[in-house]
Amino acid sequence: MAAVKVVSYQPGDSALHRLDPRTKQIMVMVLSSACFAGGRWFLGMLTISIALCAIESRIGLIRLIREIRYFLVFLLFVFIIRALTFNDGLLPVLVVSQVQAALLFCWRLLLIVLMAVLLISTTPTGAIRAALVWMLRPLPLVNERAAATMVGLIVRMVPLILFQAGEISDAMRSRCIEARKSPLFRMNRFTIMLFRRAIIRGDDLVDAMQARCYNEQRTMRVMQFTKLDAVAAGIGVLVLATLSLA
Amino acid sequence: MDASTRKLRLMVYSSIMASLMAVGAYIAIPVGPVPIVLQNLFVMLAALLLGGRWGLISVCVYLLAGAVGLPVFAGGTGGLGKFVGPTGGYLIGFAIAAWLIGTISEKGRGNIFIDAAAMLIGTMVIYAIGVCWLKVVTDMSFAKAFSVGALPFLLGDVIKIVAAASIARALRPMIAERLMVPRTT
């Protein structure tokens, strides 16, 4: 379970912890969307802001990077695929413009993941849920409380299911199932085990929720915007303003 | 089992399916602008196991989690920007496909051939919306968009459909027992 420590809530009293969850969620939504359109100035400003937030929230930049090391391997793979070109021959060729484009793409992905990890590690699931209820309330035909509860469950379940997937993978390797040639056989075994264990975990969760008399009309967490949120929004607007720079 | 317990169980199972979709999205092989992921296998399984309505809810919750910035989309990304990016059409296609697969499969009462046909239709819907959206966003020709956004993945999708049909057959009794649903063929 140590591998999924940071991608879950870490209690603290930093400014990032004290920010209203609505501010954090709106900023992550807006900034991660802007990442796809942002140039070097925007990405540079955002990188500095994220680094400062990581240091300020006591999570630490190095620890943050270490905890997403598996994602970094994936990112390296994406970079290689995007940077290499195969011309007429079979030998891969490096083109400077393509390497720059690949670096920019990977930079964007990394920032989006770091923002999400910071949001999850500094916001309790209950606060994420309350912020979602607030954001979904104006939408017609949406049961905002149920939807927010379900998103909250995803935040809790994804690290656990990833951990289970690793365990199943190890168990399959120890039984030489990964040596089987048929991808269909391996996919079937892995998926059936993963779904079975996830469903059993779901049953435990249902029992726990019923034992605590769960219903949709629970008392919501009280949220209040403060001056700190105004400062954070101001910094967000400043970072967004760099979108217009080349 | 009373109605509220059944609803709660379905709600939790839908969240778990959405979490599995997110986990499936991490296992990605990037090729061109659209990565090959296990995500669509898990979308099809959610629809087959939970039916049209809850399969759709499960995908919608997954999309909502991604829209608010949680790293649940392919390659661990998230944010509203993904919906207007090159892969946005596939994401919308997932929701429609889940409803179609679940609804057709429910009518087929667990028949493996009807399940396979439902998944084939669902996959076609995902590609129809995804490729058209890719064409619009990247300004490619339709042939180019199809060759980049659909063609490389078709063989993998056939394997996923065959796998999903047998996996659903193995898991259905477990779900049916928990939801007190009458057993199908």
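Residues numbered from 1 in each chain as written. Chains lettered and ligands numbered in written order. Predicted model: local features only at pLDDT ≥ 70, side-chain atom pairs only at ≥ 80, totals over all residues. Heavy atoms only, no water.

## Focus on the overall build of chain B
Line of reasoning, step 1. Scanning chain B from terminus to terminus reveals seven helices and two strands.
Line of reasoning, step 2. Listed N to C, the secondary structure of chain B is α-β-β-α-α-α-α-α-α in terms of helices and strands.
Line of reasoning, step 3. Taking 185 residues into account, the globule formula puts the C-alpha radius of gyration at 16 Å, and chain B, at 16 Å, falls close to it.
Line of reasoning, step 4. Principal-axis analysis of the C-alpha atoms gives chain B an extent of 50 × 35 × 25 Å. (Helix = DSSP H or I, 4+ residues; strand = E, 2+ residues; numbered from the N terminus. Rg over C-alpha atoms; globule rule 2.2 N^0.38 Å.)

## Some thoughts on the interface of chain A and chain B
Line of reasoning, step 1. The partner chain B presents 55 residues to the 53 residues of chain A that form the contact.
Line of reasoning, step 2. Carbon and sulfur atoms make up 81% of the area that chain A and chain B hide from each other, which totals about 4,600 Å².
Line of reasoning, step 3. Contact with chain B buries area across many residues of chain A, yet Met150, Phe195 and Ile199 of chain A alone supply 15% of it, more than any other trio.
Line of reasoning, step 4. Between the two partners, chain A and chain B, sit two salt bridges.
Line of reasoning, step 5. Inspection of the region where chain A meets chain B yields five residue pairs in polar contact (both at pLDDT 80 or more). (Contact = heavy atoms within 4.5 Å. Buried area = accessible area lost by both parts, 1.4 Å probe. Salt bridge = Lys/Arg side-chain N within 4 Å of Asp/Glu carboxyl O. Polar contact = N/O pair within 3.5 Å; in protein donor to acceptor, adjacent residues only side chain to side chain.)

## A few points about helix H5 (residues 69–83) of chain A
Residue and element names in this part refer to chain A.
Line of reasoning, step 1. End to end, H5 covers 21 Å across 15 residues, agreeing with the expected 21 Å (1.5 Å per residue, within 8%).
Line of reasoning, step 2. Within the span of H5, buried status applies to Phe71, Phe74, Leu75, Val78 and Ala83. When H5 is viewed along its axis, its buried side chains cluster within an angular range of 160° and face the same direction. Pointing more than 90 degrees away from the buried face of H5 are the exposed residues Tyr70, Val73 and Leu76. (Expected span 1.5 Å × (residues − 1). Buried < 20%, exposed > 50% of the residue type's maximum accessible area, 1.4 Å probe, protein only. Arc of directions from axis to C-beta.)

## Structural notes on the packing of helix H8 (residues 144–174) of chain A against helix H1 (residues 3–26) of chain B
Line of reasoning, step 1. Orientation of H8 of chain A relative to H1 of chain B, taken along the N-to-C sense of each, is 50°, at an axis distance of 8 Å. Comparing the axis directions of H8 of chain A and H1 of chain B gives the class oblique. The two elements H8 of chain A and H1 of chain B cross, and the hand of that crossing is right-handed. When H8 of chain A is examined against H1 of chain B, the residues Ala146, Thr149, Met150, Leu153, Ile154, Met157, Val158, Ile161 and Leu162 of chain A are found in contact with a partner set consisting of Met11, Val12, Ser14, Ser15, Ile16, Ala18, Ser19, Leu20, Ala22, Val23 and Tyr26 of chain B.
Line of reasoning, step 2. The class makeup of the residues in the contact of H8 of chain A with H1 of chain B is 16 nonpolar, four polar and no charged. (Axes fitted to C-alpha atoms, helices over the stretch in contact; angles between N-to-C directions. Parallel < 35°, antiparallel > 145°, perpendicular 65-115°, else oblique. Left-handed = near helix turned anticlockwise from the far one by under 90°. Nonpolar A, V, L, I, M, F, W, Y, C, P; charged D, E, K, R; others polar.)

## So, a nonpolar patch on the surface
Line of reasoning, step 1. Together, Ile26, Val30, Trp134 and Phe225 of chain A make up an exposed nonpolar region whose accessible area comes to about 330 Å².
Line of reasoning, step 2. Judged by relative accessible area, Trp134 of chain A falls into the partly exposed class, the value being 34%. (Patch = residues over 30% accessible without salt bridge, like charges linked within 9 Å, V, L, I, M, F, W, Y side chains within 5 Å. Areas by Shrake-Rupley, 256 points an atom, 1.4 Å probe, with all protein chains shown as cover.)

## Re the nonpolar core
Line of reasoning, step 1. Ranked by size, the top nonpolar core spans 131 residues in total, and within it Leu46 of chain A together with Leu20, Tyr62 and Leu70 of chain B carry the most contacts.
Line of reasoning, step 2. Looking at this core element by element, the count peaks at 18 residues for helix H2 (residues 39–67) of chain B.
Line of reasoning, step 3. Each of domain 1 (12–141 + 223–246) and domain 2 (144–215) of chain A accounts for three or more of the residues forming this core.
Line of reasoning, step 4. Ignoring any residue separated from it by four or fewer positions in sequence, one finds Leu70 of chain B in contact with Ala116, Leu119, Ile120, Val151 and Val155 of chain A together with Ala65, Thr77 and Gly78 of chain B. (Core = buried A, V, L, I, M, F, W, Y, C linked by side-chain atoms within 4.5 Å. Domains from an automatic or database assignment.)

## Some remarks on the domain arrangement of chain A
Residue and element names in this part refer to chain A.
Line of reasoning, step 1. If you check the domain split of chain A, you get domain 1 (12–141 + 223–246) and domain 2 (144–215).
Line of reasoning, step 2. Distance from the C-alpha centre of domain 1 to the C-alpha centre of domain 2: 27 Å.
Line of reasoning, step 3. Listed by partner, the interface residues are seven residues for domain 1 and nine residues for domain 2.
Line of reasoning, step 4. Taken together, the two surfaces of domain 1 and domain 2 that pack against each other cover about 820 Å², and 71% of this comes from carbon and sulfur.
Line of reasoning, step 5. Broken down residue by residue, the surface that domain 1 buries against domain 2 is led by Thr125, Arg129 and Val133, which jointly contribute 55%.
Line of reasoning, step 6. Viewed at the interface, domain 2 and domain 1 are joined by zero salt bridges.
Line of reasoning, step 7. Here domain 1 is connected to domain 2 by one residue pair in polar contact (both at pLDDT 80 or more).

## Observations regarding the environment of Ile55 of chain A
Residues and elements named next belong to chain A.
Line of reasoning, step 1. Turning to its location among the elements, Ile55 is positioned in helix H3 (residues 40–56).
Line of reasoning, step 2. Residue classification places Ile55 among the exposed positions, given a relative accessible area of 54%.
Line of reasoning, step 3. It is 9.8 Å that separates the C-alpha atoms of Ile55 and Ser14, two residues lying 41 residues apart in sequence.

## Some remarks on the packing of H1 of chain B against H2 of chain B
All names here are of chain B.
Line of reasoning, step 1. It is at 9 Å that the axes of H1 and H2 come closest, and there the two elements cross at 140°. In terms of orientation, H1 lies oblique with respect to H2. Both H1 and H2 take part in a crossing whose hand is left-handed. Side by side, H1 and H2 meet where Lys7, Leu10, Met11, Tyr13, Ser14, Met17, Ala18, Leu20, Met21, Ala22, Gly24 and Ala25 of the first sit next to Gln39, Phe42, Val43, Ala46, Leu49, Leu50, Trp54, Ser58, Val59 and Tyr62 of the second.
Line of reasoning, step 2. Partitioning the contact of H1 with H2 into residue classes produces 17 nonpolar, four polar and one charged.

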